[in-house]
Amino acid sequence: MPALIIEAEPTPVTIDLLFTALVVIDMQKDFLYPGGYGESLGNDVSLLRRAIQPVRRVLQAARRLGLLVVHTREGHLPDLSDCPQTKLLRWPEGRRIGDPGPMGRILVRGEPGHAIIDELAPLPGETVVDKPGKCAFYCTDLDQLLKRRGIQSLLFAGVTTDVCCGTTISGANDRGYNGIVLSDCMAAYDPRRHASALEIIKAQGGIFGWVTTSENLLTALPKS
Ligand code: TIU
(Lines give C-alpha, C1' and ligand atoms only; values in the text may rest on other atoms or scores of the structure.)
Protein backbone atom coordinates (compact mmCIF):
# COMPACT_ATOMS: atom_id res chain seq x y z
CA MET A 1 0.00 0.00 0.00
CA PRO A 2 1.50 3.33 -1.02
CA ALA A 3 2.18 6.19 1.37
CA LEU A 4 -0.63 8.69 1.72
CA ILE A 5 -0.41 12.41 2.24
CA ILE A 6 -3.04 13.92 4.56
CA GLU A 7 -3.71 17.65 4.72
CA ALA A 8 -2.98 18.70 8.30
CA GLU A 9 -1.61 21.42 10.51
CA PRO A 10 1.09 22.59 10.83
CA THR A 11 2.09 20.69 7.65
CA PRO A 12 0.71 17.86 5.50
CA VAL A 13 1.60 14.49 7.00
CA THR A 14 2.62 11.28 5.22
CA ILE A 15 1.50 7.90 6.55
CA ASP A 16 1.95 4.31 5.43
CA LEU A 17 -1.31 2.49 6.16
CA LEU A 18 0.53 -0.77 6.82
CA PHE A 19 2.20 0.85 9.81
CA THR A 20 -0.64 3.06 11.03
CA ALA A 21 -3.13 2.35 13.83
CA LEU A 22 -6.33 4.08 14.87
CA VAL A 23 -6.44 4.71 18.63
CA VAL A 24 -9.89 5.51 20.04
CA ILE A 25 -9.45 6.85 23.55
CA ASP A 26 -11.95 6.25 26.37
CA MET A 27 -15.26 6.54 24.46
CA GLN A 28 -16.87 5.02 27.57
CA LYS A 29 -20.30 5.40 29.08
CA ASP A 30 -18.58 6.77 32.19
CA PHE A 31 -17.49 9.82 30.19
CA LEU A 32 -20.30 10.24 27.64
CA TYR A 33 -23.48 9.24 29.43
CA PRO A 34 -25.15 10.94 32.40
CA GLY A 35 -24.52 9.32 35.78
CA GLY A 36 -20.88 8.36 35.25
CA TYR A 37 -17.43 9.62 36.15
CA GLY A 38 -17.53 12.62 33.80
CA GLU A 39 -20.71 13.93 35.37
CA SER A 40 -19.43 13.19 38.89
CA LEU A 41 -16.61 15.64 38.16
CA GLY A 42 -19.20 18.36 37.47
CA ASN A 43 -19.19 18.20 33.67
CA ASP A 44 -21.94 18.53 31.07
CA VAL A 45 -21.39 15.18 29.34
CA SER A 46 -23.56 16.11 26.33
CA LEU A 47 -20.63 18.23 25.08
CA LEU A 48 -18.78 15.06 24.10
CA ARG A 49 -21.50 13.65 21.84
CA ARG A 50 -20.40 15.65 18.78
CA ALA A 51 -17.43 13.30 18.36
CA ILE A 52 -19.52 10.10 18.09
CA GLN A 53 -20.59 10.20 14.44
CA PRO A 54 -17.17 11.29 13.08
CA VAL A 55 -15.51 8.49 15.08
CA ARG A 56 -18.04 6.02 13.66
CA ARG A 57 -17.16 7.02 10.11
CA VAL A 58 -13.41 6.74 10.75
CA LEU A 59 -13.84 3.39 12.52
CA GLN A 60 -15.77 2.07 9.52
CA ALA A 61 -13.03 3.19 7.13
CA ALA A 62 -10.26 1.76 9.34
CA ARG A 63 -12.06 -1.58 9.55
CA ARG A 64 -12.66 -1.64 5.79
CA LEU A 65 -8.94 -1.07 5.16
CA GLY A 66 -7.80 -3.56 7.81
CA LEU A 67 -5.98 -1.00 9.98
CA LEU A 68 -5.09 -1.97 13.52
CA VAL A 69 -7.81 -0.50 15.74
CA VAL A 70 -7.08 0.04 19.43
CA HIS A 71 -9.76 1.09 21.91
CA THR A 72 -8.70 2.30 25.35
CA ARG A 73 -10.69 2.42 28.58
CA GLU A 74 -9.82 4.26 31.75
CA GLY A 75 -10.82 2.39 34.89
CA HIS A 76 -9.76 0.67 38.06
CA LEU A 77 -9.78 -2.80 39.57
CA PRO A 78 -12.80 -3.50 41.82
CA ASP A 79 -10.58 -3.31 44.94
CA LEU A 80 -9.20 0.04 43.70
CA SER A 81 -5.66 -1.19 44.40
CA ASP A 82 -4.49 0.44 41.15
CA CYS A 83 -6.03 3.82 41.98
CA PRO A 84 -3.73 6.30 43.71
CA GLN A 85 -5.20 7.77 46.90
CA THR A 86 -4.62 11.22 45.42
CA LYS A 87 -6.93 10.38 42.49
CA LEU A 88 -9.46 8.75 44.81
CA LEU A 89 -9.74 11.41 47.50
CA ARG A 90 -9.68 14.54 45.36
CA TRP A 91 -13.49 14.67 45.10
CA PRO A 92 -16.18 14.47 47.79
CA GLU A 93 -17.49 11.14 49.05
CA GLY A 94 -20.46 9.91 47.03
CA ARG A 95 -18.92 11.17 43.76
CA ARG A 96 -15.68 9.24 43.99
CA ILE A 97 -14.20 6.46 41.87
CA GLY A 98 -15.69 3.22 43.21
CA ASP A 99 -18.83 4.88 44.60
CA PRO A 100 -22.16 3.46 43.40
CA GLY A 101 -23.96 5.26 40.58
CA PRO A 102 -26.75 4.62 38.06
CA MET A 103 -24.25 2.80 35.78
CA GLY A 104 -22.63 0.80 38.59
CA ARG A 105 -19.52 1.72 40.54
CA ILE A 106 -17.89 4.80 39.06
CA LEU A 107 -14.90 4.09 36.79
CA VAL A 108 -14.53 0.48 37.89
CA ARG A 109 -13.66 -2.24 35.38
CA GLY A 110 -16.52 -4.57 34.55
CA GLU A 111 -19.25 -2.13 35.61
CA PRO A 112 -21.78 -0.98 32.97
CA GLY A 113 -20.39 2.57 32.98
CA HIS A 114 -16.88 1.34 32.19
CA ALA A 115 -17.99 -0.08 28.82
CA ILE A 116 -17.42 1.65 25.52
CA ILE A 117 -20.60 3.35 24.29
CA ASP A 118 -22.88 1.14 22.22
CA GLU A 119 -22.43 3.31 19.09
CA LEU A 120 -18.67 2.57 19.02
CA ALA A 121 -18.54 -0.91 20.56
CA PRO A 122 -15.34 -2.78 19.64
CA LEU A 123 -15.73 -5.65 17.18
CA PRO A 124 -14.70 -9.11 18.36
CA GLY A 125 -10.93 -9.36 17.93
CA GLU A 126 -10.25 -5.63 18.17
CA THR A 127 -7.70 -4.62 20.75
CA VAL A 128 -8.97 -3.07 23.97
CA VAL A 129 -6.38 -1.61 26.32
CA ASP A 130 -7.43 -1.07 29.93
CA LYS A 131 -5.51 1.67 31.66
CA PRO A 132 -5.51 2.91 35.24
CA GLY A 133 -4.26 6.39 34.33
CA LYS A 134 -4.89 9.15 31.86
CA CYS A 135 -1.99 8.31 29.52
CA ALA A 136 -2.66 5.08 27.60
CA PHE A 137 1.03 4.13 27.85
CA TYR A 138 1.08 4.26 31.66
CA CYS A 139 0.96 0.75 33.19
CA THR A 140 -0.23 -0.87 29.93
CA ASP A 141 1.39 -2.94 27.16
CA LEU A 142 0.27 -0.50 24.43
CA ASP A 143 3.82 0.43 23.39
CA GLN A 144 4.94 -3.20 23.03
CA LEU A 145 1.75 -4.07 21.19
CA LEU A 146 2.33 -1.28 18.64
CA LYS A 147 6.10 -1.79 18.32
CA ARG A 148 5.58 -5.54 17.70
CA ARG A 149 3.54 -4.64 14.64
CA GLY A 150 5.97 -1.97 13.45
CA ILE A 151 3.40 0.79 13.93
CA GLN A 152 4.87 4.24 13.24
CA SER A 153 1.85 6.53 12.99
CA LEU A 154 -1.17 6.81 15.27
CA LEU A 155 -4.49 8.36 14.30
CA PHE A 156 -6.09 9.67 17.48
CA ALA A 157 -9.78 10.00 18.32
CA GLY A 158 -11.65 10.02 21.63
CA VAL A 159 -12.15 11.93 24.85
CA THR A 160 -11.18 14.18 26.41
CA THR A 161 -8.91 16.30 24.26
CA ASP A 162 -7.18 18.05 27.15
CA VAL A 163 -6.90 15.09 29.54
CA CYS A 164 -6.53 11.48 28.33
CA CYS A 165 -6.00 12.40 24.68
CA GLY A 166 -3.43 15.09 25.45
CA THR A 167 -1.37 12.92 27.80
CA THR A 168 -1.52 9.94 25.44
CA ILE A 169 -0.45 12.02 22.42
CA SER A 170 2.45 13.38 24.45
CA GLY A 171 3.33 9.83 25.58
CA ALA A 172 3.21 8.62 21.97
CA ASN A 173 5.53 11.41 20.88
CA ASP A 174 8.10 10.46 23.51
CA ARG A 175 7.95 6.83 22.37
CA GLY A 176 8.69 7.65 18.74
CA TYR A 177 5.28 7.66 17.07
CA ASN A 178 3.89 10.25 14.69
CA GLY A 179 0.61 11.31 16.30
CA ILE A 180 -2.17 12.61 14.07
CA VAL A 181 -5.20 14.03 15.84
CA LEU A 182 -8.62 13.95 14.17
CA SER A 183 -10.02 17.14 15.69
CA ASP A 184 -13.72 16.49 15.02
CA CYS A 185 -13.36 12.94 16.42
CA MET A 186 -12.22 14.36 19.75
CA ALA A 187 -14.04 16.44 22.34
CA ALA A 188 -13.58 18.03 25.74
CA TYR A 189 -15.99 19.13 28.47
CA ASP A 190 -15.11 22.72 27.58
CA PRO A 191 -14.71 23.81 23.93
CA ARG A 192 -11.98 26.29 24.94
CA ARG A 193 -9.90 23.52 26.48
CA HIS A 194 -10.47 21.41 23.33
CA ALA A 195 -9.15 24.26 21.17
CA SER A 196 -6.23 25.00 23.53
CA ALA A 197 -5.16 21.35 23.65
CA LEU A 198 -5.15 21.15 19.84
CA GLU A 199 -3.21 24.40 19.65
CA ILE A 200 -0.51 23.03 21.97
CA ILE A 201 -0.16 19.81 19.92
CA LYS A 202 0.38 21.56 16.58
CA ALA A 203 2.36 24.62 17.77
CA GLN A 204 6.12 24.97 17.38
CA GLY A 205 6.16 23.09 14.08
CA GLY A 206 4.06 20.23 15.50
CA ILE A 207 5.78 19.73 18.85
CA PHE A 208 3.53 16.76 19.72
CA GLY A 209 2.17 15.92 16.27
CA TRP A 210 -0.35 16.98 13.66
CA VAL A 211 -3.98 18.08 13.75
CA THR A 212 -6.37 17.28 10.93
CA THR A 213 -10.03 16.36 10.42
CA SER A 214 -11.84 13.13 9.65
CA GLU A 215 -12.80 14.63 6.28
CA ASN A 216 -9.14 15.21 5.36
CA LEU A 217 -8.31 11.64 6.40
CA LEU A 218 -11.23 10.07 4.55
CA THR A 219 -10.40 12.10 1.42
CA ALA A 220 -6.83 10.77 1.47
CA LEU A 221 -7.74 7.12 2.12
CA PRO A 222 -8.11 4.65 -0.76
CA LYS A 223 -11.77 4.20 -1.67
CA SER A 224 -11.68 0.41 -1.84
N1 TIU B 1 -11.91 14.54 33.27
C2 TIU B 1 -11.60 14.45 32.00
O3 TIU B 1 -11.73 15.40 31.24
N4 TIU B 1 -11.14 13.27 31.50
C5 TIU B 1 -10.78 12.16 32.20
O6 TIU B 1 -10.80 12.11 33.41
N7 TIU B 1 -10.42 11.06 31.46
C8 TIU B 1 -10.29 11.08 30.07
O9 TIU B 1 -10.06 12.11 29.46
N10 TIU B 1 -10.49 9.92 29.45
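As a reminder, the structure under discussion sits directly above these lines.
Residues numbered from 1 in each chain as written. Predicted model: local features only at pLDDT ≥ 70, side-chain atom pairs only at ≥ 80, totals over all residues. Heavy atoms only, no water.

A. Summary view of the environment of I15. Residue placement: I15 occurs in strand β2 (residues 13-16). I15 sits in the buried class, given a relative accessible area of 2%. Taking C-alpha positions, I15 is 36 Å from P112, a pair spaced 97 residues apart along the chain. (Helix = DSSP H or I, 4+ residues; strand = E, 2+ residues; numbered from the N terminus. Buried < 20%, exposed > 50% of the residue type's maximum accessible area, 1.4 Å probe, protein only.)

B. Focus on the site of the ligand. As a structural note, the neighbourhood of the ligand is formed by D26, F31, Y37, L41, E74, K134, V159, T160, V163, C164 and Y189. Take E74: an N or O atom from its side chain is 2.9 Å from a nitrogen atom of the ligand. In the environment of the ligand, an oxygen atom lies 3.1 Å from a nitrogen or oxygen atom belonging to the backbone of C164. A class-by-class count of the residues in the shell around the ligand yields 7 nonpolar, 1 polar and 3 charged. (Near = heavy atom within 4 Å. Polar contact = N/O pair within 3.5 Å; in protein donor to acceptor, adjacent residues only side chain to side chain. Nonpolar A, V, L, I, M, F, W, Y, C, P; charged D, E, K, R; others polar.)

C. Representation of the nonpolar core. Ranked by size, the top nonpolar core spans 48 residues in total, and within it L22, M27, L32, V55 and L120 carry the most contacts. Mapped by element, the contributors of at least two residues to this core are β1 (3-6), β2, β3 (20-25), α1 (29-32), α3 (52-65), β8 (153-159), β9 (178-187) and α8 (214-220). If sequence neighbours within four positions are ignored, L32 has contacts with D26, M27, V45, L48, R49, I52, I117 and V159. (Core = buried A, V, L, I, M, F, W, Y, C linked by side-chain atoms within 4.5 Å. Contact = heavy atoms within 4.5 Å.)

D. Broad picture of the packing of aromatic side chains. One pass over the structure, following the stated rule, counts 2 aromatic pairs. When the ring of F31 is compared with that of Y37, the centres are 5.8 Å apart and the planes differ by 80°; the resulting orientation is edge-to-face. Take F31 and Y37: they sit in the same class, and that class is buried. Between F137 and Y177, the aromatic rings sit 6.1 Å apart at their centres with planes inclined by 20°, giving stacked as the arrangement. Here F137 is found in the loop between β7 (127-131) and α5 (142-148), whereas its partner Y177 is found in the loop between α6 (161-174) and β9, with 40 residues between them in sequence. Y177 shares its class with F137; the two are buried. (Phe/Tyr/Trp six-rings, centres within 6.5 Å; stacked < 30°, edge-to-face > 60°.)

E. A look at the environment of D190. Along the chain, D190 falls in the loop between β9 and α7 (191-206). The buried category is assigned to D190, whose relative accessible area is 12%.

F. Fine view of the sheet that holds β3. Read across the open sheet, the 6 strands follow the order β7-β4-β3-β8-β9-β10; overall the sheet is parallel. The open sheet terminates on both sides in strands that have one partner only, identified here as β7 and β10 (210-212). Strand-to-strand twist in this sheet, taken as the mean axis angle between neighbours without regard to direction, amounts to 25°. Lying over the sheet, α3 contacts β3, β4 (68-74), β8 and β9, oriented at roughly 135° with respect to β9. (Pairing = 2+ DSSP bridges. Axes fitted to C-alpha atoms, helices over the stretch in contact; angles between N-to-C directions.)

G. The packing of α6 against α7, seen in detail. Here α6 crosses α7 at 15°, and the two axes come no closer than 10 Å. Classified by the angle between their axes, α6 and α7 sit roughly parallel to one another. Of the two elements, α6 crosses α7, and the hand of that crossing is right-handed. Along the contact surface, α6 presents T161, D162 and I169, while α7 presents R193, H194, A197, L198 and I201. (Parallel < 35°, antiparallel > 145°, perpendicular 65-115°, else oblique. Left-handed = near helix turned anticlockwise from the far one by under 90°.)

H. The pairing of β4, seen in detail. Of all the 7 residues making up β4, 6 are buried; the element is thus mostly covered by neighbouring parts of the structure. Alignment of β3 against β4, held across 5 bridges, turns out to be parallel. Paired with A21 across the strands is L68, a residue of β4. Relative to β7, β4 runs parallel, the two being bridged by 5 bridges. Following the sheet pairing, E74 is matched in β7 by K131.

I. Region of the structure containing α6. Over its 14 residues, α6 runs 18 Å from end to end, which matches the ideal 20 Å to within 8%, given 1.5 Å per residue. Along α6, the residues that are buried comprise T161, C164, C165, T168, I169, G171 and A172. At its buried positions, α6 is contacted by β3, β4, β7, β8, β9 and α7. (Expected span 1.5 Å × (residues − 1).)

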